[in-house]
Amino acid sequence: MAGMTSCRLCGGQAAYLIEHARMMLCRDCFIKYYEKKVYNTIMKHGMLRGAGRIAVAVSGGKDSMALLAAMNRLVSEKFSGIKLIAIHINLGIEGYSERCQEIVENVCEDLGVEHVIHDLSSREGYKIPDLRSTPLGGRICGACGTVKRYLMNKLAYEIGADRLATGHNLDDVVELLFEFYLRGSVEDLVRVRPVSWSDNPKMVTKIKPLIELTERENMYYAMAQGIPLLDASCPLAEGSRMLRRKRLIRLIEREIPGFKHMLYKSHVKRILPRLEKTVPEPSLMECEKCGMPSLSNMCSYCKLVSRLAARSA
Ligand code: SF4
Ligand code: ZN
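What counts and how
Residues numbered from 1 in each chain as written. Chains lettered and ligands numbered in written order. Predicted model: local features only at pLDDT ≥ 70, side-chain atom pairs only at ≥ 80, totals over all residues. Helix = DSSP H or I, 4+ residues; strand = E, 2+ residues; numbered from the N terminus. Rg over C-alpha atoms; globule rule 2.2 N^0.38 Å. Buried ≥ 20, exposed ≤ 12 C-beta atoms within 10 Å, placed from the backbone. Contact = placed C-beta atoms within 7 Å. Core = buried A, V, L, I, M, F, W, Y, C linked by C-beta atoms within 7 Å. Near = placed C-beta within 6 Å. Nonpolar A, V, L, I, M, F, W, Y, C, P; charged D, E, K, R; others polar. Pairing = 2+ DSSP bridges. Domains from an automatic or database assignment. Axes fitted to C-alpha atoms, helices over the stretch in contact; angles between N-to-C directions. Parallel < 35°, antiparallel > 145°, perpendicular 65-115°, else oblique. Left-handed = near helix turned anticlockwise from the far one by under 90°.

Each helix and strand counted, the chain has 11 helices and 10 strands in total. Computed over the C-alpha atoms, the radius of gyration of the chain is 20 Å, within 12% of the 20 Å expected from 2.2 N^0.38 for a compact globule of 313 residues. Referenced to the eigenvectors of the C-alpha coordinate spread, the extents of the chain come out at roughly 70 × 45 × 40 Å. Burial analysis of the chain (313 residues in total) assigns 34% to the buried set. Pairs at least 24 residues apart make up 70% of the contacts formed inside the chain by residues separated by at least 6 positions.

Before going further, it helps to spend a moment on the nonpolar core. Counting residues in each nonpolar core, the largest one holds 58 residues, and the members touching the most others are A55, V56, M65 and L68. Sequence-distant contacts of L68, defined by excluding residues within four places in its chain, comprise V56, V58, A86, V107, L111 and V113. Membership of the second largest hydrophobic core comes to 16 residues, among which are L131, C144, C234 and V305.

The environment of ligand 1 is made up of L91, I128, I140, C141, C144, G145, C234, L236 and A237. Along the lines of polarity and charge, the residues of the shell around ligand 1 split into 8 nonpolar, 1 polar and no charged.

Next up on the list: the sheet that holds strand β7 (residues 195-196). Strand order in this open sheet of 6 strands is β5-β4-β3-β6-β8-β7, and the pairing throughout is mixed. Every other strand in the sheet has two partners, leaving β5 (114-119) and β7 as the edge strands with one partner each. Pairing of strand β3 (residues 53-57) with strand β6 (residues 163-165) involves 3 bridges; the strand directions are parallel. In the strand pairing of β6, I54 is matched with R163.

The domains assigned to the chain are domain 1 (28-281) and domain 2 (283-313). Centre-to-centre separation of domain 1 and domain 2, based on C-alpha positions: 23 Å. Taken together, the contact between domain 1 and domain 2 spans 15 residues of the former and 10 residues of the latter.

What follows concerns the packing of helix α2 (residues 62-78) against helix α3 (residues 97-111). At a closest axis distance of 11 Å, the pairing of α2 and α3 adopts a crossing angle of 10°. Put simply, α2 runs roughly parallel to α3. Every residue of α3 that contacts α2 at M65, L68, A69 and N72 is listed here: I103, V107 and L111. Considering only residue class, the contact of α2 with α3 consists of 6 nonpolar, 1 polar and no charged.

In this section: the environment of C29. Here C29 is to be found in helix α1 (residues 27-44). Expressed as a C-alpha distance, the spacing of C29 and D119, which sit 90 residues apart in the sequence, is 38 Å. Contacts of C29, omitting those with residues within four sequence positions, involve C7, L9 and C10.

Turning our eyes to something else, we now look at unusual backbone geometry. Positive phi, close to 45°, is recorded for R22, a residue that is not glycine. Along the chain, R22 falls in the loop between β1 (16-18) and β2 (23-25).

Moving on: the environment of N153. Relative to the helices and strands, N153 resides in helix α5 (residues 140-158). The exposure class of N153 is buried, given the 22 C-beta atoms found within 10 Å. Sequence separation of N153 and M292 is 139 residues, and the distance between their C-alpha atoms is 9.6 Å. Once residues within four sequence positions are removed from consideration, N153 is found in contact with L164, M203 and V204.

Here we come to the environment of N106. Relative to the assigned elements, N106 resides in helix α3. When the C-alpha positions of N106 and F79 are compared, they lie 24 Å apart, and in sequence the two are 27 residues distant.

The next subject is the packing of α1 against helix α8 (residues 215-224). At a closest axis distance of 10 Å, the pairing of α1 and α8 adopts a crossing angle of 125°. Our classification of the angle between α1 and α8 gives oblique. For the crossing formed where α1 meets α8, the hand is left-handed. In this structure, α1 contributes R27, F30, I31 and Y34 to the contact, and α8 contributes E217, Y220, Y221 and A224. Of the residues belonging to the contact of α1 with α8, the class tally is 6 nonpolar, no polar and 2 charged.

The structure is reproduced here in C-alpha cells:
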C-alpha cells in the first residue's frame, strides 16, 4: 500500500498525481510545488522586473482563478509593494457568464483582491452571442478572443497597470504551437512567448506565469485552494476546433509522455530566439476609431464592432 499512495516529498497521504513527472504529492506539498513553479517561471523570464501594478485577467475558469490565488500568495510573500487588480469581462453568454462572474466576485472577496467587472452588454452595447450574426459568427471563439484581448489590454491600461497577467497554460500554448506550425504562420509563432514586452504605453506588457503548468495542475491547485470550479462550460464552444486539437494533444501525450513540455521548451529555447531575429516586430499605428495600438488604420476590434453595427442598422 505504502509507496503508491504516499507523498513523494513528505510521505504523507498523497492526493495528486503529477503525470509528466510520475510523482504523487499530498495537498500541502502540491501547493508548494505549484507556487514554486509559478515563482520560477516569473523569475526565469524577469516577468515582474520593475512592476508596480499587475492586472490579472480572470474568466472564472480554473486556470485564471488559480493564477489569481497563486499571484496573490507570491505577491504578499515575495514581491511586496506590487498591487494586484483582477479584471473580468462579463461576455453576456446566457447560462454561463453569470456563473463566471459570481465565481470571480466570490474568490476576489475571499482573497481580498480588488476587482473590476466590465459588462459587455451595458458597457459596449452587445453580447458575445450577438457576434454570431456577423460574418465572423462561424468562428465565434476567434471573435470572442479578439474582444477579450482588446478589452483586457484597454482595461489594464485604463487602471494604470504595467503588466497584464493571463492564465494561459501549457496545454493552451501547445495547442497554439500545433495550429501555427500546421499553418506555417511564422508571424504568429513568434508571438507565442512567456512575456510580450511593450514600450508602447497603450499596449500593456503581457505575462503568462502559468505557461509551464498543465491544465490539470491548475485544476488541482484550484481544488487544493478551495476555489469553486465552474460547473458550466461555454455553450458556444461545442465542437470547436480548439477543443478537438486539445483532445488530440492529450492522445499524443499519452503515447509520448512529456511531449507537451518538450515541444514548449524546444520552442522557447531553440526556435523562438531564431525567429525573433528574423521576423520583424510589426510596427503599430493608432486605430483611427479608438486610438488604441493597431496593425492597420482600424484595429481588429473596431472592425469587428463595426460589422456588428452594420448588421443591426
Ligand atoms: Fe468565448 Fe469561445 Fe471561450 Fe466561449 S468558448 S468564452 S465563445 S472563446
Ligand atoms: Zn480601434
